[in-house]
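Okay, here's what each chain looks like letter by letter:
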There are 4 protein chains.
Amino acid sequence: MSKDVNKVIFLGNVGQDPEIKVLPSGTRVANFSLATTERFRDEMGEYHDRTEWHYLVALNKRADVIRDYVQKGSKIFIEGKQQTRSWTDKSSGEKRYRTEVLILDISLLSPFDSSRNGQNGNGHRGHSTSTQSNGNGEFNHSPVPQEAMANTYGEPAYDDEIPF
Amino acid sequence: MSKDVNKVIFLGNVGQDPEIKVLPSGTRVANFSLATTERFRDEMGEYHDRTEWHYLVALNKRADVIRDYVQKGSKIFIEGKQQTRSWTDKSSGEKRYRTEVLILDISLLSPFDSSRNGQNGNGHRGHSTSTQSNGNGEFNHSPVPQEAMANTYGEPAYDDEIPF
Amino acid sequence: MSKDVNKVIFLGNVGQDPEIKVLPSGTRVANFSLATTERFRDEMGEYHDRTEWHYLVALNKRADVIRDYVQKGSKIFIEGKQQTRSWTDKSSGEKRYRTEVLILDISLLSPFDSSRNGQNGNGHRGHSTSTQSNGNGEFNHSPVPQEAMANTYGEPAYDDEIPF
Amino acid sequence: MSKDVNKVIFLGNVGQDPEIKVLPSGTRVANFSLATTERFRDEMGEYHDRTEWHYLVALNKRADVIRDYVQKGSKIFIEGKQQTRSWTDKSSGEKRYRTEVLILDISLLSPFDSSRNGQNGNGHRGHSTSTQSNGNGEFNHSPVPQEAMANTYGEPAYDDEIPF
DNA sequence: TTTT
DNA sequence: TTTT
């Protein structure tokens, strides 16, 4: 009842073609970075741009959508939650942290440019008809069970690699 | 994929004890108004408060939580979506509109004051153990199917009454 | 310190060319409606679209941006706050209400189609160089004073008309 | 016009008394961590809590409010933007990153417990009447110039320290 | 009244 | 590393 809130909203441009992985468990994972640029005026009244880079992650059906429709330069809107993963650096033995945003909802604001070749060459770009990319449940607040999140509990493979 | 976004976020105080109804279909409906107050300075530099009132609606499990834990004066945080219902005024024959926010997520920020009597006297206030109020599904982005929204499709009873 | 929150976020399509007014005080006002469409599945598993219409208002510099760059069909992202205006219906003497969203931040997601003629024919479309539309301060959280809101206090002309 | 969006919303509990610094430039900086906890069900249907920790930063007037009214355990609502700072680790020479959320708006949801002693013992806790803590500008979208953000441009001192 |  |  007294729930907390962890909500992130970004509208920006994708920095490079998303990287798609499939974990041993079958979970599909999409990783990419997103730029948000803000314009501001300095004390002299001159305009400057400042770009912030964000690391994004999506799982399963959302990862499929990203694999099929998102590429370098795409403008997207996402809603997600912030999470920080940690791991121990193998060479130094130090603990490292990576903060990322897990995508829970995504809207694509650019037409997909089919003339550009994705670098993962997975043959799934465009309106794929494969089972995987044909997921339902990509609508927020829909009556469809959101199994993606269920899968992350006890998911071991996702956590033991150096991120990005 | 190119989904739209309709999102409302309020943090404010409940104006009166919520009104709880059960539709013929069994759908539970909670209605109440919420005040959000903002402070601003006028041209003279003096502070003023301006209060805005919002009409909120919740269905099923969220309505149960509201029935059991929300009362006049409660401070709550909600996330929802804006929707406008219309009906024809029976006396004048004119079309009328009421804009409300359908609650999709709620956080209670006040302790429940059990010394105050709710006016609906439904015996469900406090930490109820009834089946209805013991709903799951009240967690945002959870793996639990969100049946509340499914029920609203083709729901006839909800639409044919003068609101509030 | 214990501030309330009244925040609305929409991503959708503009229903018609915005209506632009200038109040006697000089305040510029843009009015238009915005559609947000959500897709959902009914009990049969079939997809349906449900479109919600929202009434939007923008003042001064934001109204200038809308006059110059927004038209029927534009896809936009807005952040704003919900407010309900009331007036007394002159014929029936009854109190009427209109809930609208005051735009505080806007992002344009469609290129402006200069081949279509705006119906307000104000000669301000495109990259206008007039003083009015050349406002700064259209960036949220910027160091620029946001005079638009200041002007709304004690603004009489904005309130005495039947809306939309 | 085609602005990006970088927005973070948290509702959670403060992990420890905030650390307050004053930079050589006079900028006040508040640093603290915030926990957001979500409840979810695993495949067995059992409930678990997962807590995420977030690093928060506030500047100037918002830092003053935090210094005076926020302590370990406080429940707060914040709106801000995500930013990642980087520095070179002095011992290893490696580049390090820390993602934090810069607070742009804050609402305090707990009464301040004056019986607990803040560990920074700055004598400013409680309803301070000092000039610094009596800032205006703490209202979002207000007509007050938001000088805090202006100060961050070209701010050198803030960037050359190992964070947190 | 929009859009895909 | 994106975009206008």
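Everything in this summary refers to the structure shown in the same document. (Residues numbered from 1 in each chain as written. Chains lettered and ligands numbered in written order. Predicted model: local features only at pLDDT ≥ 70, side-chain atom pairs only at ≥ 80, totals over all residues. Heavy atoms only, no water.)

Turning next to the overall build of chain A. Within chain A, the regular secondary structure consists of 2 helices and 6 strands. Listing each helix as α and each strand as β along chain A from the N terminus yields β-β-β-β-α-β-β-α. Across the 164 residues in chain A, those meeting the buried criterion constitute 56%. When the accessible surface of chain A is split by element, carbon and sulfur atoms take 48% of a total near 7200 Å². (Helix = DSSP H or I, 4+ residues; strand = E, 2+ residues; numbered from the N terminus. Buried < 20%, exposed > 50% of the residue type's maximum accessible area, 1.4 Å probe, protein only. Areas by Shrake-Rupley, 256 points an atom, 1.4 Å probe, with all protein chains shown as cover.)

Below, the discussion takes up the interface of chain A and chain D. At the interface, 36 residues of chain A touch 36 residues of chain D. Summed over both sides, the interface between chain A and chain D buries roughly 3000 Å², with carbon and sulfur atoms accounting for 39% of that surface. Where chain A touches chain D, the interface holds 6 salt bridges. Its salt-bridge partner being lysine 75 of chain D, residue aspartate 4 of chain A comes within 3.0 Å of it at the nearest N-O pair. Our enumeration of links across chain A and chain D arrives at 17 residue pairs in polar contact (both at pLDDT 80 or more). Contributions of two or more residues to the side of chain A that touches chain D are made by strand E1 (5–14), strand E3 (28–41), strand E4 (47–59), strand E5 (75–88), strand E6 (95–108) and helix H2 (147–152) of chain A. Examining the composition of the side of chain A that touches chain D, we find that 9 residues originate from one element, E1 of chain A, more than from any other. Its residues assigned to classes, the side of chain A that touches chain D shows 11 nonpolar, 13 polar and 12 charged. (Contact = heavy atoms within 4.5 Å. Buried area = accessible area lost by both parts, 1.4 Å probe. Salt bridge = Lys/Arg side-chain N within 4 Å of Asp/Glu carboxyl O. Polar contact = N/O pair within 3.5 Å; in protein donor to acceptor, adjacent residues only side chain to side chain. Nonpolar A, V, L, I, M, F, W, Y, C, P; charged D, E, K, R; others polar.)

Attention shifts here to the protein's contact with DNA strand F. Residue and element names in this part refer to chain A. Around DNA strand F, 13 residues are found, and the nearest of them are Asn13, Gln16, Ser33, Thr51 and Trp53. Within 4 Å of the protein, the contacting atoms of DNA strand F are 42% sugar and phosphate, with bases supplying the remainder. Within the contact set of DNA strand F, a base oxygen lies 2.2 Å away from a side-chain nitrogen or oxygen of glutamine 16. One nitrogen or oxygen atom from the side chain of threonine 51 is found 3.1 Å from a base oxygen belonging to DNA strand F. Of all elements in the fold, only E1, E3 and E4 reach the threshold of two or more residues within the surface near DNA strand F. (Near = heavy atom within 4 Å.)

All names here are of chain D. Tracing the sequence through the fold places valine 22 in strand E2 (residues 19–22). Given the relative accessible area of 58%, valine 22 is considered exposed. When the C-alpha positions of valine 22 and asparagine 60 are compared, they lie 9.1 Å apart, and in sequence the two are 38 residues distant. Ignoring sequence-local partners within four residues, the contact set of valine 22 consists of Thr27 and Arg28.

All names here are of chain C. The local shell around DNA strand E holds 13 residues, among which Asn13, Gly15, Gln16, Ser33 and Thr51 are the closest. When the atoms of DNA strand E within 4 Å of the protein are sorted by group, sugar and phosphate make up 42%. In this structure, glutamine 16 approaches DNA strand E through a side-chain N or O atom, which is 2.2 Å from a base oxygen. In the environment of DNA strand E, a base oxygen lies 2.7 Å from a nitrogen or oxygen atom belonging to the side chain of serine 33. Elements supplying a minimum of two residues to the surface near DNA strand E: strand E1 (5–14), strand E3 (28–41) and strand E4 (47–59). With 4 residues, E3 is the largest single contributor of residues to the surface near DNA strand E.

As a further point, take the relation of the copies chain A and chain D. In screw terms, the move from chain A to chain D is a rotation of 180° and a rise of 0.0 Å along the axis, fitting with an RMSD of 0.0 Å. Considering both components of the superposition, the chain copies are consistent with a two-fold axis. Residues of chain A ranked by C-alpha distance from the rotation axis are headed by valine 8 of chain A, positioned 2.2 Å from it. Interface overlap between copies is the fraction of interface residues in one copy that are interface residues in the other; for chain A against chain D it reaches 100%, indicating a shared surface. (Least-squares fit on C-alpha atoms with pLDDT ≥ 70 in both.)

Residues and elements named next belong to chain B. Its identity is not glycine, yet asparagine 60 carries a phi of approximately 55°, on the positive side. Note on placement: asparagine 60 falls in helix H1 (residues 60–69). For asparagine 60, a relative accessible area of 1% corresponds to the buried category.

With that out of the way, let us pick up the pairing of strand E5 (residues 75–88) of chain B. All names here are of chain B. The buried fraction of E5 amounts to 11 of the 14 residues, a majority that puts the element mostly inside the structure. Pairing of strand E1 (residues 5–14) with E5, which is carried by 6 bridges, proceeds in the antiparallel orientation. Paired with asparagine 13 across the bridge in E5 is lysine 75. Connecting the antiparallel pair E5 and strand E6 (residues 95–108) is a turn made up of 6 residues, with glycine 93 showing a positive phi of about 75°. (Pairing = 2+ DSSP bridges.)

Looking now at helix H1 (residues 60–69) of chain C. Across the 10 residues that make up H1 of chain C, a large majority, 10, are buried. For H1 of chain C, the complete set of buried residues consists of Asn60, Lys61, Arg62, Ala63, Asp64, Val65, Ile66, Arg67, Asp68 and Tyr69 of chain C.

This structure, assessed with the given rule, holds 2 aromatic pairs over all chains. Ring plane angle 40° and centroid distance 5.6 Å describe the contact between phenylalanine 77 of chain A and phenylalanine 77 of chain C, whose orientation is recorded as tilted. Note that phenylalanine 77 of chain A is positioned in strand E5 and phenylalanine 77 of chain C in strand E5 (residues 75–88), a pairing that runs across two chains. Neither phenylalanine 77 of chain A nor phenylalanine 77 of chain C differs from the other in exposure class; each is buried. Its guanidinium or amino end placed over the ring of tyrosine 97 of chain C, arginine 98 of chain B lies 5.8 Å from that ring's centre, counting from NZ or CZ. (Phe/Tyr/Trp six-rings, centres within 6.5 Å; stacked < 30°, edge-to-face > 60°. Lys NZ or Arg CZ within 6 Å of the ring centre and 35° of its normal.)

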